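Here are the chains, one letter per residue:
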Amino acid sequence: MAERRRNGFHGPFPLLQLCTWIYLPLLMLQFFFFVSPILPLAASIPCSLLFFLLALACTYYTYMACITDPIDLHLLQHLRETQGDDGNSDNHGCMDITFQSPPPATEPPPNEETKYCWVCETSVAQHSMHCKYCNKCVSHFDHHCLWLNTCVGHANYGYFCKILWSTCCMLLV
């Protein structure tokens, strides 16, 4: 079986993700060197401060969405049982770095409806879907985001929405 992608910082890295990490700093530099100096001082300082805070928020939420693993809790439990993981390690087959833990409730509800994923070879929640890019089932799967190089699901959907809002607001400034 192919290796499961734990988060957005686990390769291979798509071109869109690399563009994200290059474009954001360039956008910030462009604003501070070309836009901010031509504004009147009374508008330049608040606009620059607001733009910087929104860019910082965008970067933070992007990072958090990338490191949060939206794995299905049934699959996580199956991996812990079959791989002898004691549950304290967040590294199930991927990078050896400490990342955001799965959601606080790491045990699936006992009477939750499940279906069988033939790729993961285990039962997963009815609302989960298998991602062919990450090679795992994702709880409340929305989509696989090539900009973040990770799936957007229940665990990181809030961060993803905050990325969209902070990016839109940043571009409006």
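So, here's what we can say about the structure. If you're wondering where the values come from, they're calculated on a predicted model, not measured in any experiment. (Residues numbered from 1 in each chain as written. Predicted model: local features only at pLDDT ≥ 70, side-chain atom pairs only at ≥ 80, totals over all residues. Heavy atoms only, no water.)

**Considerations on the side chain of Asp69**
The test is simple: Strands are runs of DSSP state E lasting at least 2 residues, helices are runs of H or I lasting at least 4, and numbering of each runs from the N terminus. The buried label goes to any residue with under 20% of its type's maximum accessible area, the exposed label to any with over 50%, and the partly exposed label to all in between, with areas taken from a 1.4 Å probe on protein chains only.
Locating Asp69 in the fold gives a position in the loop between helix H2 (41-67) and helix H3 (73-82). Among the residues examined, Asp69 registers a relative accessible area of 0% and is labelled buried.

**Focus on the packing of helix H1 (residues 15-35) against H2**
The test is simple: Note on geometry: axes are C-alpha line fits, over the in-contact stretch for helices, and angles between N-to-C directions span 0 to 180 degrees. To sort the angles, those under 35 degrees are grouped as roughly parallel, those over 145 as roughly antiparallel, those from 65 to 115 as roughly perpendicular, and the leftovers as oblique. Every residue pair with non-hydrogen atoms within 4.5 Å of one another is taken to be in contact. Residue polarity follows a fixed list, in which Ala, Val, Leu, Ile, Met, Phe, Trp, Tyr, Cys and Pro are nonpolar, Asp, Glu, Lys and Arg are charged, and the others, Gly among them, are polar.
At a closest axis distance of 10 Å, the pairing of H1 and H2 adopts a crossing angle of 170 degrees. Viewed along their axes, H1 and H2 adopt a mutual orientation that is roughly antiparallel. Contacts between H1 and H2 involve Gln17, Trp21, Leu24, Leu27, Met28, Phe31 and Phe32 on the former and, on the latter, Cys47, Ser48, Phe51, Phe52, Ala55, Thr59, Thr62, Tyr63 and Cys66. The class makeup of the residues in the contact of H1 with H2 is 12 nonpolar, 4 polar and no charged.

**Topic: the pairing of strand S2 (residues 122-125)**
Looking along a regular strand, one sees side chains alternate from face to face of the sheet. Selection criterion: Strands qualify as paired when DSSP identifies two bridges or more between them.
Bridge count between strand S1 (residues 114-117) and S2: 4 bridges; the pairing is antiparallel. Looking at S2, one finds that Tyr116 is bridged to Ser123. Count of turn residues in the S1/S2 antiparallel hairpin: 4 residues, of which Glu121 carries a positive phi of about 60 degrees.

**Description of the packing of aromatic side chains**
Threshold: Under the pairing criterion, centres of Phe, Tyr and Trp rings, with the six-membered ring standing for Trp, must be within 6.5 Å; the plane angle then separates stacked pairs below 30 degrees from edge-to-face pairs above 60, leaving the rest tilted.
Evaluated as defined, the whole model comprises 6 aromatic pairs. Summarising the aromatic geometry, the rings of Phe9 and Tyr63 are spaced 5.6 Å apart at their centres and angled 40 degrees between planes, so their arrangement reads as tilted. Placement of Phe9 in the segment before H1 and of Tyr63 in helix H2 is noted, with a sequence separation of 54 residues between them. Here Phe9 falls in the partly exposed class, since its relative accessible area comes to 21%. Ring geometry for Phe31 versus Phe32: centroids 5.6 Å apart, planes at 85 degrees, classification edge-to-face. Taking relative accessible area as the criterion, Phe31 reaches 5% and is therefore assigned buried. Note on Phe32: relative accessible area 31%, which makes it partly exposed. Among the aromatic residues, those joined into a ring-pair cluster are Phe9, Trp21 and Tyr63.

**Quick notes on the pattern of salt bridges**
Under the convention used in this document: By convention in these notes, a salt bridge is any Lys or Arg side-chain nitrogen within 4 Å of a carboxyl oxygen on Asp or Glu.
In the structure shown here, the tally under the stated rule is 1 salt bridge. Ionic pairing is found between Asp69 and Lys136, a salt bridge with its closest N-O pair at 2.3 Å. One end of the pair, Asp69, is in the loop between H2 and H3; the other, Lys136, is in strand S4 (residues 136-138), and 67 residues separate them in sequence. Lys136 gets classed as buried once you look at its relative accessible area, which sits at 1%.

**Let's talk about the nonpolar core**
Applied cut-off: Residues belong to a common nonpolar core when they are buried Ala, Val, Leu, Ile, Met, Phe, Trp, Tyr or Cys residues joined through side-chain atoms within 4.5 Å.
Membership of the largest hydrophobic core is limited to 10 residues, which are Met64, Ala65, Cys66, Ile67, Cys145, Leu148, Val152, Tyr159, Phe160 and Ile163. Elements supplying a minimum of two residues to this core: H2 and helix H4 (157-172). In terms of residue count, H2 provides more of this core than any other element does, 4 residues in total. In this structure, Leu76, Leu79, Cys120 and Val124 belong to the second largest nonpolar core, which totals 9 residues.

The analysis is restricted to geometry; functional conclusions fall outside its scope.
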